[in-house]
Amino acid sequence: MENTCGPVWVIAEQIGGRVLAVSLQLIGHARELADELGTSVEAVLLGDQLDEQTQQLFAAGADRVYLGDAPELAFYQPEIYTEIVVKLAKERQPEIMLIGSTTTGRELAPLVAARLKTGLTAHCIDLVLDENKILEQRVPAYGGLLAIVCPERRPQMATVARGVFPTPELDENRTGEIVPLDIPEEIPGRIQTLEIIREEPEGVPLESAPIVVAGGAGAGDLEGWRKIADLAKALNAALGCTRPAVDEGWAGLETMIGQSGRMVSPELYVGVGLSGELQHMVGIADAQVMVAINSDPHSPVFEQVDYGIVDDCREFVPVLLDKIKEYQEKQVTC
Ligand SMILES: Cc1cc2nc3c(=O)[nH]c(=O)nc-3n(C[C@H](O)[C@H](O)[C@H](O)COP(=O)(O)OP(=O)(O)OC[C@H]3O[C@@H](n4cnc5c(N)ncnc54)[C@H](O)[C@@H]3O)c2cc1C
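What comes next is a walk through the structure.

Procedures and definitions
Residues numbered from 1 in each chain as written. Predicted model: local features only at pLDDT ≥ 70, side-chain atom pairs only at ≥ 80, totals over all residues. Heavy atoms only, no water. Helix = DSSP H or I, 4+ residues; strand = E, 2+ residues; numbered from the N terminus. Buried < 20%, exposed > 50% of the residue type's maximum accessible area, 1.4 Å probe, protein only. Polar contact = N/O pair within 3.5 Å; in protein donor to acceptor, adjacent residues only side chain to side chain. Contact = heavy atoms within 4.5 Å. Core = buried A, V, L, I, M, F, W, Y, C linked by side-chain atoms within 4.5 Å. Axes fitted to C-alpha atoms, helices over the stretch in contact; angles between N-to-C directions. Parallel < 35°, antiparallel > 145°, perpendicular 65-115°, else oblique. Left-handed = near helix turned anticlockwise from the far one by under 90°. Nonpolar A, V, L, I, M, F, W, Y, C, P; charged D, E, K, R; others polar. Phe/Tyr/Trp six-rings, centres within 6.5 Å; stacked < 30°, edge-to-face > 60°. Pairing = 2+ DSSP bridges. Patch = residues over 30% accessible without salt bridge, like charges linked within 9 Å, V, L, I, M, F, W, Y side chains within 5 Å. Areas by Shrake-Rupley, 256 points an atom, 1.4 Å probe, with all protein chains shown as cover. Salt bridge = Lys/Arg side-chain N within 4 Å of Asp/Glu carboxyl O. Near = heavy atom within 4 Å.

## Let's talk about the side chain of Gln 25
Among the structural elements, Gln 25 can be located in helix H1 (residues 21-37). Judged by its relative accessible area of 6%, Gln 25 falls in the buried class. From its side chain, Gln 25 meets the backbone nitrogen of Gly 163 in a polar contact 2.9 Å long. With sequence-adjacent residues up to four places away left out, Gln 25 is seen in contact with Arg 162, Gly 163, Phe 165, Pro 166, Thr 167 and Pro 168.

Here it is as structure tokens:
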């Protein structure tokens, strides 16, 4: 097929040889965009001792994989990775470049965009082509969705969190071309990742939890926050949060749910002391049953949930905890 424009790129990410789900999801979506544009999907994969990982990228929809496989790429190195991606992008002229909103992607994407003198939209929750085949990069803003476009510069760059797009069905019969990359001999080394120490996540993982309790600014202080954490524990739920809980230092950024955080799809979501801002709510769009506890009867959160409890969470949650404990004790003695 004769390509009518540059390829759609995905900067794929792997950790310890495991390709991240968000990279496969982006390739799946890139495939749809590329088919609409009449072009190909190309992935860039950097790391050490990579072999069968390329097949996963083909199975997800990539036509070509640029593979940088070298010991010095074992860990994400901002300067080397940027150098490689920028050099290759200048040669290949991709139309679109998609990167996961991961810790690495959030750093790499702006570094690359600045060097290519192009625009970048962070934390998109949808990507579609408009009637002129320009990428609409959709983000929540002003209580609705804003479509950001980059009509003049290329590539059109966006970061997207895991779970925004579905994981494509992998077609193990699909194959493609592997293009090995030369690793630059002169590697800038102002910043070097020497080792990665992984923190073991506490409690139930957010993305796979059947029940999620999320706390917000309404917790008031650390003591109020601890009660919400106790509620999550009592329900055997994963504990998530809104941005203010991170800003206050009550919760880690890795537990923030929403546009710039995690996407969750629990059977039950309980939002405590939060207002239901779209930037948070897009992260729980797939929850089955939603409950909110808020002291303001006019809070917009109540328009978005199945069950609303109007009360001060600092008073209501301790009472609820007592009731849960009572119920659980009864179950044990029965
Ligand atoms: C580009 C961008 C990206 C963002 N990404 C995210 C994201 O990924 N995730 C995210 O969460 N936010 C994100 N935000 C921030 C988001 O816009 C909101 O500011 C945030 O979600 C609000 O958090 P909140 O509901 O906890 O706080 P508030 O909006 O301040 O709401 C607090 C609520 O608590 C209630 N309340 C107060 N006291 C009590 C009490 N004692 N008992 C019960 N209820 C009480 C109040 O009535 C109020 O409704 C982003 C913002 C931007 C601009």
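## Brief notes about the nonpolar core
If you look at the biggest cluster of nonpolar residues, it comprises 38 residues, and the most contacted ones within it are Ile 27, Leu 57, Ala 62, Ile 96, Leu 98 and Leu 127. Of all the elements, H1 adds the most residues to this core, at 8 residues. In terms of nonpolar packing, the next biggest core, distinct from the first, is built from 24 residues, Leu 46, Tyr 81, Met 97 and Ala 109 among them.

## What about the packing of helix H3 (residues 78-92) against helix H4 (residues 103-116)?
To describe two helices that pack against each other, one gives the angle between their axes and the distance between the axes. The geometry of H3 relative to H4 is characterised by a closest axis approach of 9 Å and an angle of 45° between their N-to-C directions. Taken together, H3 and H4 sit at an angle that is classed as oblique. Crossing hand, H3 versus H4: right-handed. Here Pro 78, Tyr 81, Thr 82, Glu 83, Val 85, Val 86, Ala 89 and Lys 90 of H3 lie close against H4, whose contacting residues are Glu 107, Leu 108, Leu 111, Val 112, Arg 115 and Leu 116. Looking at the contact of H3 with H4 residue by residue, the class counts come to 9 nonpolar, 1 polar and 4 charged.

## Digging into the packing of aromatic side chains
Taken as a whole and assessed by the stated rule, the structure comprises 3 aromatic pairs. Ring centres of Tyr 76 and Tyr 81 lie 5.2 Å apart, and the angle between their planes is 90°; on these two criteria the pair is classed as edge-to-face. We classify Tyr 76 as buried; its relative accessible area is 14%.

## Thoughts on the sheet that holds strand E13 (residues 211-215)
With respect to topology, 5 strands assemble into an open sheet ordered E14-E13-E15-E16-E17, the strand pairing being parallel. Among the strands making up the open sheet, the edge pair consists of strand E14 (238-241) and strand E17 (307-310). Within this sheet the neighbouring strands show an average axis-to-axis angle of 20°, counted without direction. Relative to strand E15 (residues 268-272), E13 runs parallel, the two sharing 5 bridges. The partner of Val 212 across the bridge, within E15, is Tyr 269. Each of E13, E14 and E15 touches helix H5 (residues 222-234); the most contacted strand, E14, lies at about 145° to it.

## Comments concerning the environment of Val 8
Its location among the elements puts Val 8 in strand E1 (residues 8-12). Judged by relative accessible area, which is 0%, Val 8 ranks as buried. Distance in space between the C-alpha atoms of Val 8 and Val 41 is 4.9 Å, their sequence separation being 33 residues. What Val 8 contacts, discounting residues up to four positions off in sequence, is Ala 30, Ala 34, Leu 37, Thr 39, Ser 40, Val 41, Glu 42 and Ile 96.

## Some details on a nonpolar patch on the surface
Together, Tyr 142, Leu 146 and Ile 148 make up a nonpolar patch on the protein surface, roughly 340 Å² of accessible area in all. When you line up the elements, Leu 146 lands in strand E10 (residues 144-148).

## Things to note about the site of the ligand
If you check the shell around the ligand, you find 25 residues, and the closest are Ala 217, Thr 242, Ile 257, Ser 260 and Ser 275. At 2.6 Å, a side-chain N or O of Ser 260 approaches a nitrogen atom of the ligand. Protein coverage of the free-state accessible area of the ligand, which is 990 Å², stands at 72%. Contributing elements (two or more residues each) for the shell around the ligand: helix H6 (243-247) and helix H7 (278-281). Within the shell around the ligand, the residues separate by chemical class into 6 nonpolar, 14 polar and 5 charged.

## Some thoughts on the pattern of salt bridges
Counting across every chain of the model gives 14 salt bridges. In this structure, Asp 35 engages Arg 31 in a salt bridge whose closest nitrogen and oxygen atoms are separated by 2.9 Å. Highlighted residues: Asp 35 and Arg 31, both in helix H1, separated by 4 residues, approximately one helical turn. Arg 31 sits in the buried class, given a relative accessible area of 17%. The partner of Arg 115 in a salt bridge is Glu 83, and the shortest N-O contact between them spans 3.6 Å. Separated by 32 residues along the polypeptide, Arg 115 in helix H4 and Glu 83 in helix H3 bring together distant segments of the chain. In this structure Arg 115 comes out as partly exposed when scored by relative accessible area, which is 37%.

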